[in-house]
Amino acid sequence: MNKICTFGGVRFPAVKEVLCHVDHSRRRGRSEYQPADVRKIIPAADGAEALALLDEKHVDLLVADVMMPRMDGYELTESLRAAGYTLPILMVTAKEAVEDRRRGFRCGTDDYMVKPVDEEEMLLRVAALLRRAKIASEREIRIGGTVLSYAFTVTAGGQSQTLPQKEFLLLFTLLSYPGKIFTRRALMDEIWDMTSETDERTVDVHINRLRDRFRDNPDFEIVTIRGLGYKAVIHP
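The shown structure was predicted, so the numbers you read here are calculated from the model rather than taken from an experiment.

What counts, and at which threshold
- Residues numbered from 1 in each chain as written.
- Predicted model: local features only at pLDDT ≥ 70, side-chain atom pairs only at ≥ 80, totals over all residues.
- Heavy atoms only, no water.
- Axes fitted to C-alpha atoms, helices over the stretch in contact; angles between N-to-C directions.
- Helix = DSSP H or I, 4+ residues; strand = E, 2+ residues; numbered from the N terminus.
- Parallel < 35°, antiparallel > 145°, perpendicular 65-115°, else oblique.
- Contact = heavy atoms within 4.5 Å.
- Nonpolar A, V, L, I, M, F, W, Y, C, P; charged D, E, K, R; others polar.
- Pairing = 2+ DSSP bridges.
- Left-handed = near helix turned anticlockwise from the far one by under 90°.
- Core = buried A, V, L, I, M, F, W, Y, C linked by side-chain atoms within 4.5 Å.
- Buried < 20%, exposed > 50% of the residue type's maximum accessible area, 1.4 Å probe, protein only.

K.L.:
Provide a residue-level description of the packing of helix α6 (residues 184-192) against helix α7 (residues 201-213), including the pertinent values.
P.N.:
Orientation of α6 relative to α7, taken along the N-to-C sense of each, is 80 degrees, at an axis distance of 9 Å. What the angle tells us is that α6 and α7 run roughly perpendicular. Taking contact as the criterion, the partners of R184, L187, M188 and W192 in α6 are, on α7, R201, T202, V203, D204 and H206. Each residue belonging to the contact of α6 with α7 can be placed in one class, and the counts come to four nonpolar, two polar and three charged.

So this is what it looks like as structure tokens:
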């Protein structure tokens, strides 16, 4: 099991290495935000240097500025996706037009932040991206006799059922971190993304559907933490 640390108040495995752009002309960059608990932040002066570093090092997440010399953030992201890299990418830029955001997502970025960047929000977004990457890479969770497969299927008691995507991701997220309390807002940001205008109460609707589906499951239950949110409890 991975060791757990605290990063910006969010818990996630402490084995993460983050590659980020540093603007040497101003001697500022994402590395200034490194909390003591982060294992390593690898700085790169521009997109070309980032590509070279990725050939040599394992990186769990990339934070890329759009405006970089030699190769900008758009080109870097396109190059990585074309080469088959699937690591999460957070794009940071002063460009706030809707078309700029669209271009970023079309290039393959996973999230997009406009400067000036709020440090706490950045840490929360990084943690969310790493959790999503963990879910996607693990592909399967086993809880007692219950198996969740990333084909959106849950097998229990010898029977399999395919869940709607949002229900499956909600259950997979909760069971990936048993005992961890998720607020409705955190689950919305995690599964519906941070720009969604869907009401937070939609989380309650999906939780109730999951409870109806698995009310007789002996391996786990979803518990309401009054005033906070939800957590998964594993039965011995």
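Having seen the model, we can carry on.
K.L.:
Tell me about the sheet that holds strand β9 (residues 140-143), and please be specific about residues and values.
P.N.:
Pairing is antiparallel in the open sheet, where four strands are placed in the order β9-β10-β11-β12. The open sheet has two edge strands with one neighbour each: β9 and β12 (159-162). Sheet twist, expressed as the average angle between the axes of neighbouring strands with direction ignored, equals 15 degrees. Inspection of the sheet shows strand β10 (residues 146-149) paired to strand β11 (residues 153-156) by three bridges, in the antiparallel sense. Residue pairing for β11: S149 is matched across the bridge by T153.

K.L.:
Describe in detail the packing of helix α1 (residues 47-56) against helix α2 (residues 73-82), supporting the description with residues and values.
P.N.:
Between α1 and α2, the least distance of the axes is 9 Å, while the angle of their chain directions is 25 degrees. By the angle class used here, α1 and α2 are roughly parallel. Handedness of the crossing formed by α1 with α2: right-handed. Where α1 approaches α2, its residues G47, A50, L51 and L54 are matched on the opposing element by L76, S79 and L80. A per-class count over the contact of α1 with α2 returns five nonpolar, two polar and no charged.

K.L.:
Explain the nonpolar core to me, using residue names and the numbers behind them.
P.N.:
Nonpolar side chains tend to gather and get buried jointly when the protein is soluble and globular. Of all hydrophobic cores here, the largest spans 26 residues; its most connected members are L148, L171, L174 and L175. For this core, the elements supplying multiple residues, two or more each, are β9, α5 (165-176), α6, α7, β14 (220-225) and β15 (229-234). It is α5 that provides the largest number of residues to this core, a total of seven residues. Not counting residues up to four positions away in its chain, the partners in contact with L174 are F182, L187, I207, I222, Y230, K231 and A232. Counting 14 residues, the second largest nonpolar core, distinct from the first, contains A44, L53, M71 and L87.

K.L.:
Explain the pairing of β9 residue by residue, including any values.
P.N.:
In β9, alternate side chains face the same way, and those of I141 and I143 are buried while those of E140 and R142 on the opposite face are not. Hairpin remark: β9 followed by β10, antiparallel, with two residues in the connecting loop; positive phi at G144, about 60 degrees.

K.L.:
Can you break down unusual backbone geometry residue by residue, with the values?
P.N.:
Cis geometry is adopted by the peptide bond preceding P116, which originates at K115 and carries an omega value of 0 degrees. Along the chain, the position of P116 falls in the loop between β8 (111-114) and α4 (119-138). For F152, which is not glycine, the phi torsion reads 70 degrees and is therefore positive.

K.L.:
I'd like a description of the pairing of β11, backed by residues and values.
P.N.:
As consecutive antiparallel partners, β10 and β11 are separated by three residues, and within that stretch F152 has a phi angle of approximately 70 degrees, a positive value. Examined bridge by bridge, β11 and β12 share four bridges and lie antiparallel to one another. Paired with T153 across the two strands is T162, which belongs to β12. Two successive antiparallel strands, β11 and β12, enclose a turn made up of two residues, where G157 displays a positive phi of approximately 60 degrees.

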